[in-house]
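Coordinates in review
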Amino acid sequence: MKRLLNIYFYCILQQPLLTLLAVLGLTIVLAGQLPHLKIDASSDSLTLEYDQDLDFFRETVKRYQSGDFLVVTYKPHKALLSADTLRHLSELRQDLLKVEGISSANSILDVPLLYSPPISLTDVTKGVKTLSDSGVDYELVKQEFLESPIYKDMLLGPDGKTTAILLNLETDNRFIQLVRARDALRLKRDTEGLTQAESLELKQVSQTFLEYRTAASERSYRRVKDVRSVVNDYKADAEIFLGGVSMITSDMVDFINNDIVVFGSGIVIFIIIILTIIFRQWQFVVLPLLTCLTTLIVMLGFLAAIDWRLTVISSNFVALLLIICLAITIHLIVRYREYTNQMSHVVRVENIRDTLQAMFQPCLYTVLTTMVAFVSLVVSGIRPVIDFGWMMAIGLCLAFMLAFTIVPAGLMLLPRVKPNYKEDKSGIFTLKFSRFTQKHGSPIIIAGLIAAVISVVGISQLKVENRFIDYFHSSTEIHQGMLVIDQQLGGTITLDIILDRKQNTATDKLASGTVIESEEFGTADPFAVPENYLSAIDDEFGSEDPFAETDSAAGDGFDDDDPFAPSAVGNTINPKTNYWFTRAGLETIESVHDYLDSLSEVGKVQSLATLYKVANDFLGYAP
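Structural notes, computed from the coordinates. None of these values were measured; they are calculated from a predicted model. (Residues numbered from 1 in each chain as written. Predicted model: local features only at pLDDT ≥ 70, side-chain atom pairs only at ≥ 80, totals over all residues. Heavy atoms only, no water.)

**Observations regarding the overall build of the protein**
Looking only at helices and strands, the protein has 19 helices and 6 strands in total. Taking all 623 residues of the protein together, 42% fall into the buried category. Taking all contacts inside the protein whose residues are at least 6 apart in sequence as the whole, residues at least 24 apart take part in 74%. Put simply, the protein shows about 32700 Å² of open surface, and 59% of that area lies on carbon and sulfur atoms. (Helix = DSSP H or I, 4+ residues; strand = E, 2+ residues; numbered from the N terminus. Buried < 20%, exposed > 50% of the residue type's maximum accessible area, 1.4 Å probe, protein only. Contact = heavy atoms within 4.5 Å. Areas by Shrake-Rupley, 256 points an atom, 1.4 Å probe, with all protein chains shown as cover.)

**A look at the packing of aromatic side chains**
Counted under the stated rule, the structure contains 8 aromatic pairs. Note on F400 and F404: the rings are 4.8 Å apart at their centroids and 40° apart in plane angle, and the pair reads as tilted. Of this pair, F400 and F404 are both found in helix 13 (residues 383–413), 4 residues apart, which corresponds to roughly one turn of the helix. For the pair F400 and F404, a shared accessibility class is recorded, and that class is buried. Each residue in the set F279, F284 and Y336 is aromatic and connected to the rest through ring pairs, giving one cluster. (Phe/Tyr/Trp six-rings, centres within 6.5 Å; stacked < 30°, edge-to-face > 60°.)

**Digging into the sheet that holds strand 1 (residues 69–76)**
The strand order across the open sheet formed by 4 strands is 2-3-1-4, and the pairing between neighbours is antiparallel. Among the strands making up the open sheet, the edge pair consists of strand 2 (102–106) and strand 4 (238–243). Direction aside, neighbouring strands of the sheet carry axes that sit 20° apart on average. The pairing of strand 1 with strand 4 spans 6 bridges and is antiparallel. (Pairing = 2+ DSSP bridges. Axes fitted to C-alpha atoms, helices over the stretch in contact; angles between N-to-C directions.)

**Quick word on helix 16 (residues 477–488)**
Think of an α-helix as 3.6 residues a turn; residues three or four steps apart then line up on the same face. For helix 16, which comprises 12 residues, the first-to-last C-alpha distance of 16 Å matches the rise-based estimate of 16 Å (1.5 Å per residue) to within 8%. Packed against the buried residues of helix 16 are strand 1, helix 8 (196–232), strand 4 and helix 9 (245–279). Where helix 16 terminates, the next one or two residues include G490, which has phi positive at roughly 90°. (Expected span 1.5 Å × (residues − 1).)

**Observations concerning the nonpolar core**
With 58 residues, the main nonpolar core has L303, F317 and F404 as its most contacted residues. Looking at this core, the elements with two or more residues in it are helix 1 (2–14), helix 2 (16–31), helix 9, helix 10 (283–305), helix 11 (317–342), helix 12 (348–375) and helix 13. Broken down by element, this core gets its largest block of residues, 15 residues, from helix 13. Among all residues touching L303, those that are not within four sequence positions of it are L37, W308, L310, F317 and M391. Grouped together as the second largest cluster of nonpolar side chains are 48 residues, V136, F145, V224 and M247 included. (Core = buried A, V, L, I, M, F, W, Y, C linked by side-chain atoms within 4.5 Å.)

**Quick word on a nonpolar patch on the surface**
On the surface, a nonpolar cluster with roughly 590 Å² of combined accessible area is contributed by L17, L18, L21, L24, I28 and L413. A per-element tally of the nonpolar patch places helix 2 first, with 5 residues. (Patch = residues over 30% accessible without salt bridge, like charges linked within 9 Å, V, L, I, M, F, W, Y side chains within 5 Å. Salt bridge = Lys/Arg side-chain N within 4 Å of Asp/Glu carboxyl O.)

**A word on unusual backbone geometry**
Non-glycine residue R280 carries a positive phi angle of around 60°. With respect to the helices and strands, the residue R280 is situated in the loop between helix 9 and helix 10. Residue classification places R280 among the exposed positions, given a relative accessible area of 58%.

**Some details on the environment of F472**
Considering the arrangement of structural elements, one finds F472 in the loop between helix 15 (441–460) and helix 16. On the basis of relative accessible area, F472 is assigned to the buried category, the value being 10%. Note: C-alpha distance between F472 and F255 (217 residues apart in sequence) is 10.0 Å. In contact with F472, not counting residues within four places along its chain, are M252, F255, I478 and H479.

**Concerning the pattern of salt bridges**
Following the criterion strictly, the structure yields 9 salt bridges and no others. The residue D95 makes a salt bridge to K98 at a minimum N-O spacing of 3.6 Å. Taking the relative accessible area as the measure of exposure, D95 reaches 24% and is therefore partly exposed. With a closest N to O distance of 3.2 Å, E338 and R335 form a salt bridge. Here E338 pairs with R335, and both are found in helix 11, just 3 residues apart, close to one helical turn. Residue E338 is classed as partly exposed on the basis of its relative accessible area, which comes to 22%.

**Looking at the environment of C363**
Looking at the secondary structure, you find C363 in helix 12. It is 9.5 Å that separates the C-alpha atoms of C363 and A327, two residues lying 36 residues apart in sequence.

**What about the side chain of S246?**
Tracing the sequence through the fold places S246 in helix 9. Judged by its relative accessible area of 6%, S246 is buried.

**So, the packing of helix 8 against helix 9**
Contact geometry of helix 8 with helix 9 gives a least axis separation of 9 Å together with a crossing angle of 105°. If you check the angle between helix 8 and helix 9, you find them roughly perpendicular. Across the interface between the two elements, S220, Y221, V224, K225 and R228 from helix 8 touch S246, M247, S250, D251 and D254 from helix 9. Of the residues belonging to the contact of helix 8 with helix 9, the class tally is 3 nonpolar, 3 polar and 4 charged. (Parallel < 35°, antiparallel > 145°, perpendicular 65-115°, else oblique. Nonpolar A, V, L, I, M, F, W, Y, C, P; charged D, E, K, R; others polar.)

Written out as C-alpha cells, the structure reads:
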C-alpha cells in the first residue's frame, strides 16, 4: 500500500504534466465513442432477463399478428360528417398509408355500417355499406357510432366531433424470433448450463438481436417522424394529435436526449456561478469544472464503448454525477486554501501533499457509502433502476479517482496565488444553536417525538403515482394526444386478456377428441373485426357451416384448434366443435366483458361478446 501511495505522489507531485496528458489522452479516446452512445426506451430495457410475462406477450403477438399501432386523432374545424371533411379525412388516410411500416389503416370511412339502417343476418351476406359509399344517412351513422356495441367510445367521441385513424403497424416476427431464442438460451444457461456450442450460439444470437433491435428502433423512430410530417400538412383544417406506444417511445428518446443536454448544460452553468461566487479566483473555478466535465465525458464514453444504453431512468446519472464530483473537488480546494493561508511559508508541493493526505480518507468514506446506497438499487428487480445503480457506482469511483488526479496535478502546474481567504465566521451562527439546545433540551426532544409520530402517519398515507399521462407536461403531444384518446376514444394503452378454460369435466372433450385449453380474448387492435366472428355466430344460430377443419399451427404453446390464430381466420375452424363459439362459451365471455366494461378505469372493451351482442340485434331485425 505504501509503495502504491509513493507512486501516486510521484505521478501527481513530480510528473503533473505527464499525468494530465495521460488523462487527456484517455478522455480524447473515450470522447470519440460518444457518437455511438445509444438511448433505449424499448420494453426489453425495462424488464429482467427471460421475463415470462413479456415472453408470453410476444408469443401472443406473433400468434395473432396483433402488432403495435399508432392513433391519429382528428377533430375538424367543420362538421365531421360532411362531404368536405370526409374527403379531407380520406386524403389524410391515404397519405398515411404511404408511410413505410404501416400495413393498414382503419377509420370511420372503413368500418361496416350495421345500424344505418339496421340490417339482418341475411343482409350481411349481400354486402354492407361503409361511410365511403353514396346514399348514406349521416344522422343514422352518427347515432350508430355513438351507440353501437362495436363502435361506441371508439370511433366517435361523445362530443360527436372527434374521431381517429388507427394505423396498424407490421408485426416484426423476426424481432420476436430472435429475442425468444436469446431468452430461451439465457434461461437454460442459468438453470441447466450450456454446452460450448450453445454458449457460442447464445453469444451470436444476443449480438444479432442487439443489432436488429437497434435497427428496428431507428425504423420506428423514422416512421413516427414520417407520420408527424404527413399529419402536419393537414393541421390547418383540423386539430390532430398522434398517439400510441411507438410515438411515446420515440418521444421518450427525444426527451432523454434533451434532458441530458439541458440538465447537463444547466449544471455546468450552475457550477461556474457557484465557484465564482465562493472562490473568486479563476484557478479554483477552472479545476473543478475541468474535473467534472472530464469525469462525465469519460463515463459516457465508457458506456458507449461497451454499448451500455441509457434509459429514461439511468440517464439521470449525468446530473447527479456532476454534482457529486463537484462536491469532492470543493473539499480538496477548500482544504488546500486553508493550508496555504495558514502556512504560506511552506512550499506548494507540501501544501498539496498535506491536502491529499488529510482529505483522502474522508472523501473515500463519503464515496464508498454513497456507492453502497446506489448499489442497493440492484435488488430492485427493475432493469432501468438496476442500471442506474451500477452506473452511479462506477461513476462515483471514477469521479473520486479523477478528482484526486486532476485537481492536485493542476494545482502543481497553475501559477500559485495567495487565496483571498476570509476568516470563517460560521462558528458564531452554530454557537447560537448549541446554546439554544443546552437551554431547551426537553422541549426539543418532545418536538422531535411529535415530528416522528407525524412522519409515521404521513408515511402510511404515501401513494405511488402511476397515472402515465401526468408524467408529461401539458404542452407535450404525448399528454395532449393521450388526453384526447382517453377522454374521447376509449384509451391509448391496450390490455389483452387471455381466457384459459381448464380441463375439469368430460364436457371439455369434444367429439373430435380435442381438448380446448386456451383462446385469446381481446385484441391489440381496437378497430379490427375478424371476418370469422359473424359467420361463427351465424352458425351458432343454425346457418350453414362456412368453415372447413384443417390442422393449425402447433408447437407454440397455444391450442391447436385456436379460432383466433391467423391461419384459422375465415377458413379453418368449426365453431360447432369449439367451446367459445357455443352459447355457454359466449355467455361466459359476455359476463367477463360486462364486468370489465363496468370498471371506471377501463375505456373501450372488445371481445367476441361484442359480436355476439350485435348478432342478437341482427336476429331482432330478421324478417
